[in-house]
Amino acid sequence: LLNNRNIPWIRTFHSTCARILRESAHLIGYERNFTILNEQDSHRLLAATIKDLEIEQFGVPPGTARRMLGSFIERAKDELLGPEELLRGAPSRYSERLDDYLLEVIYSAYRSYQRALERSNSLDFADLIALIDGLRPVNAGALETARLVEALTPLLISVNIRNKTHAGIRLT
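In this report, the structure presented in the accompanying data block is examined. (Residues numbered from 1 in each chain as written. Predicted model: local features only at pLDDT ≥ 70, side-chain atom pairs only at ≥ 80, totals over all residues. Heavy atoms only, no water.)

Observations regarding the overall build of the protein chain
- Broken down by element type, the protein chain carries seven helices and four strands.
- Listed by position from the N terminus, the elements making up the protein chain come as α-β-α-α-α-α-β-α-α-β-β.
- Counting the 172 residues in the protein chain, one finds 37% classified as buried.
- Of the contacts formed within the protein chain by residues at least 6 apart in sequence, a portion of 55% connects residues at least 24 apart.
- Carbon and sulfur atoms make up 53% of the accessible area of the protein chain, which totals about 10900 Å². (Helix = DSSP H or I, 4+ residues; strand = E, 2+ residues; numbered from the N terminus. Buried < 20%, exposed > 50% of the residue type's maximum accessible area, 1.4 Å probe, protein only. Contact = heavy atoms within 4.5 Å. Areas by Shrake-Rupley, 256 points an atom, 1.4 Å probe, with all protein chains shown as cover.)

Here is the structure:
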């Protein structure tokens, strides 16, 4: 991954994940020149996905549907659950509290959103973390990438500012 492994990386956590994924893009079905969507672009793509699913026919305003489904999708990605794992009832903080119909709506939106990302060779920020974790040793290339991630892990500093009133710094 690095021509000279003695050169330190000084990057944000997401930037480090992006660099590792670009080097291993072929292992996850992406081209190296993938795009990382910012929050607005991600919201626009999800809004278009929801419009295609015609969810508003059930009386849920599009903005509310996008925020609600976006929250569920982000939480599922944080828990490393893809659309199929979510639908199969993989352990999560919320799936046991949802009725089957709502879970099916979330699944449909999540699956459509992920397919749209893949078609456009794009990732959102939640994908960066999920895909890094997904690079498990399934072949020699993935094993080498996993070893590099493992070697870098003690050196990574993660700053998380999801909630603007709370910033956490974690040395891993």
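Notes on the packing of aromatic side chains
- By the definition in use, this model includes one aromatic pair.
- For the ring pair tyrosine 30 and phenylalanine 34, a centre distance of 6.3 Å and an interplane angle of 75 degrees mean the geometry is edge-to-face. The pair formed by tyrosine 30 and phenylalanine 34 is uniform in burial state, with each residue classed as buried.
- Between the NZ or CZ atom of arginine 22 and the centre of the ring of phenylalanine 34, over which it lies, the distance is 4.1 Å. (Phe/Tyr/Trp six-rings, centres within 6.5 Å; stacked < 30°, edge-to-face > 60°. Lys NZ or Arg CZ within 6 Å of the ring centre and 35° of its normal.)

Remarks on unusual backbone geometry
- One non-glycine residue, leucine 80, lies in positive phi territory at about 60 degrees.
- Within the secondary structure, leucine 80 is located in the loop between α3 (62-78) and α4 (83-87).
- Positive phi, normally seen in glycine, also occurs at asparagine 121, with a value near 55 degrees.
- If you trace the backbone, asparagine 121 turns up in the loop between α5 (100-119) and β2 (122-123).

Some words on the nonpolar core
- Ranked by size, the top nonpolar core spans 29 residues in total, and within it Leu21, Tyr30 and Leu69 carry the most contacts.
- Looking at this core, the elements that each hand over two or more residues are α1 (13-23), α2 (39-53), α3, α5 and α6 (125-134).
- Considering every element that reaches this core, the biggest residue donor is α5, with seven residues.
- Not counting residues within four places of it along the chain, the set of residues in contact with tyrosine 30 comprises Ala25, Leu117, Glu118, Asn121, Ser122 and Leu123. (Core = buried A, V, L, I, M, F, W, Y, C linked by side-chain atoms within 4.5 Å.)

As for the pattern of salt bridges
- Throughout the structure, instances matching the rule amount to four salt bridges.
- When the shortest N-O distance is used, the salt bridge between arginine 32 and glutamate 23 registers 3.4 Å.
- Exposure remark for glutamate 23: the relative accessible area of 30% places this residue in the partly exposed category.
- For the salt bridge of arginine 44 with aspartate 41, the shortest nitrogen-to-oxygen distance reads 2.5 Å. With a gap of three residues between them, arginine 44 and aspartate 41 both fall in helix α2, about one helical turn apart.
- A residue is classified by how much of its surface remains accessible, and aspartate 41, at 28% relative accessible area, is partly exposed.
- Several salt bridges converge on common partners, so that one network encompasses Lys77, Asp124 and Asp127. (Salt bridge = Lys/Arg side-chain N within 4 Å of Asp/Glu carboxyl O.)

Some points on the side chain of threonine 49
- Assignment of secondary structure puts threonine 49 in helix α2.
- The contact partners of threonine 49, leaving out residues within four places of it in the chain, are Ala109, Ser112 and Tyr113.

Description of the environment of threonine 16
- Relative to the helices and strands, threonine 16 is located in helix α1.
- Through-space distance from the C-alpha of threonine 16 to that of leucine 128 is 9.4 Å; in sequence the pair is 112 residues apart.

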